[in-house]
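Understanding the architecture of this molecule
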Amino acid sequence: MTRLRLLLPLGLLLRVAVCSVNTITQCEMDEFKHENLCCQQCSPGTYLLNPCQENHNKSECAPCDSEHFISQKNKEPRCFPCTECRDDQEEVAKCSRTADRVCQCKQGTYCDSENCLERCHTCSSCPDGRVIRKCNATMDTVCDTFDSKPGQSGSQCFSTPLGIVVIIAAFIIIIGAFIIIIIIIIGAVIIFIRKIRDRRAPNNVNATTSEENIQLCK
Ligand SMILES: *[C@@H]1O[C@H](CO)[C@@H](O)[C@H](O)[C@H]1NC(C)=O
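Residues numbered from 1 in each chain as written. Predicted model: local features only at pLDDT ≥ 70, side-chain atom pairs only at ≥ 80, totals over all residues. Heavy atoms only, no water.

Remarks on the overall build of the protein
To keep things clear, this is the line we draw: Each helix is a run of DSSP H or I of at least 4 residues and each strand a run of E of at least 2, with the numbering of both proceeding from the N terminus. Each residue is assigned to one of three classes by its accessible area relative to the maximum for its type, calculated with a 1.4 Å probe on protein chains only: buried under 20%, partly exposed between the two thresholds, exposed over 50%. In what follows, residue pairs with any heavy atoms lying within 4.5 Å of each other are defined as contacts. Methods summary: accessible areas were calculated by the Shrake-Rupley approach with a probe of 1.4 Å, and residue burial reflects only the protein chains presented.
When its secondary structure is counted, the protein shows two helices and twelve strands. Across the protein, helices and strands are ordered from the amino to the carboxyl terminus as α-β-β-β-β-β-β-β-β-β-β-β-β-α. Every one of the 218 residues in the protein was classed for burial, and the buried ones make up 18%. Counted over contacts in the protein with a minimum sequence separation of 6, partners at least 24 positions apart contribute 30%. For the protein, the exposed area adds up to about 17,500 Å²; of that, 60% sits on carbon and sulfur atoms.

As structure tokens, this is what we get:
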């Protein structure tokens, strides 16, 4: 505990010291610290020969040689060498003072790893030419892998199950309609028969009542 008590103020002191040093020698975003000066960084395409002599002044910078580049503001003592394209690659962007050369796999080959340290691979071809996405320098061909008999195209493979579903649905609807029509007909027939019975029934009732009347009269 006593040790901790001693360490805490020490840490605070250290922090204050570091912060004050930072504020004293803090430079702008595009500057760098040189001894106790803030010097402007070199612009892209140039490297640092000599730092500035006065605070916030320009430094002495020199342009990159051919086949060398620097793409950002910097205080580098030299430019970086441009990438060279391998013999299985082709140049798609030239080397300039401010940008590296860009290489990619030649036509018909691809490389999908981060920096393509291995050699370019030959693009795959699809059976029956069923290509979903063509091969490019960074991605292999994507084939339609739907399992089907040769000669059938992908769209037909997908339309067949859909067609069956439509036919089954239509079949169910037709049978359903048929059943409903039959029920309606049967219902109509039953109602019709009942009505006919009801028409006959009142005559019988009248007959009985008249018989009763006759009996009452007696
Ligand atoms: C290759 O194709 C993919 C997907 O379409 C794309 O993201 C990528 O940028 C392409 N690569 C090149 C070098 O054109």
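Details of the nonpolar core
Rules: Grouping buried Ala, Val, Leu, Ile, Met, Phe, Trp, Tyr and Cys residues that are joined through side-chain atoms within 4.5 Å yields what is termed a nonpolar core.
In this structure, Phe32, Leu37, Cys39, Cys42, Leu48 and Cys52 together form the largest nonpolar core, which totals six residues. In contact with cysteine 52, not counting residues within four places along its chain, are His34, Leu37, Cys38, Cys39, Asn57, Lys58 and Ser59. By size, the runner-up hydrophobic cluster in this structure holds five residues, among which are Tyr47, Cys64, Ile70 and Cys79.

Re the pairing of strand β2 (residues 37–40)
Defined as follows: A pair of strands is considered paired only if DSSP assigns at least 2 bridges between the two.
Pairing of strand β1 (residues 31–34) with β2 involves four bridges; the strand directions are antiparallel. Directly across from histidine 34, in β2, lies its bridge partner leucine 37. Hairpin connection of β1 to β2: two residues between the antiparallel strands, including glutamate 35 at a positive phi of 50 degrees.

Regarding the site of the ligand
Inclusion rule: We call a residue near a molecule or strand when any one of its heavy atoms sits within 4 Å of it. Think of a polar contact as two N or O atoms within 3.5 Å of one another; within protein, one of them needs to be a possible hydrogen donor and the other a possible acceptor, and neighboring residues in sequence only count if both atoms come from side chains.
Taken together, Gln104, Arg133, Asn136, Thr138 and Met139 are the residues near the ligand. Between the ligand and the protein, one listed contact pairs an oxygen atom with a side-chain N or O atom of asparagine 136 at 2.3 Å. Between the ligand and threonine 138, the relevant distance is 2.9 Å, taken from a nitrogen atom to a side-chain nitrogen or oxygen of the residue. Here the ligand, which alone exposes 360 Å², has 44% of that area covered by the protein.

Remarks on unusual backbone geometry
Trans peptide bonds make up most of the peptide bonds, and negative phi angles are found at most residues other than glycine. Of note in this structure, glutamate 35 is not a glycine but carries a positive phi near 50 degrees. Checked against the element boundaries, glutamate 35 lands in the loop between β1 and β2. Glutamate 35 sits in the exposed class, given a relative accessible area of 69%. Not every positive phi belongs to a glycine, and histidine 56 is a case in point at roughly 65 degrees. Along the polypeptide, histidine 56 turns up in the loop between β3 (46–50) and β4 (60–63). In this structure histidine 56 comes out as partly exposed when scored by relative accessible area, which is 37%.

Observations regarding the pattern of salt bridges
Where we set the bar: Salt bridge criterion: a side-chain nitrogen from Lys or Arg within 4 Å of a carboxyl oxygen from Asp or Glu.
Considering all chains together, one arrives at seven salt bridges under this definition. Between aspartate 87 and arginine 119 there is a salt bridge; the shortest N-O distance is 3.1 Å. Placement of aspartate 87 in the loop between β6 (80–81) and β7 (89–93) and of arginine 119 in the loop between β9 (109–110) and β10 (121–122) is noted, with a sequence separation of 32 residues between them. The exposure class of arginine 119 is partly exposed, given its relative accessible area of 48%. When salt bridges with common partners are traced through the structure, they connect Glu67, Glu91 and Arg101 into a single cluster.

Describing the side chain of serine 59
You can see serine 59 is positioned in the loop between β3 and β4. Judged by its relative accessible area of 13%, serine 59 is buried. Contact partners of serine 59, with chain neighbours within four places excluded, come to Phe32, Cys39, Gln40, Leu48, Asn50, Pro51 and Cys52.

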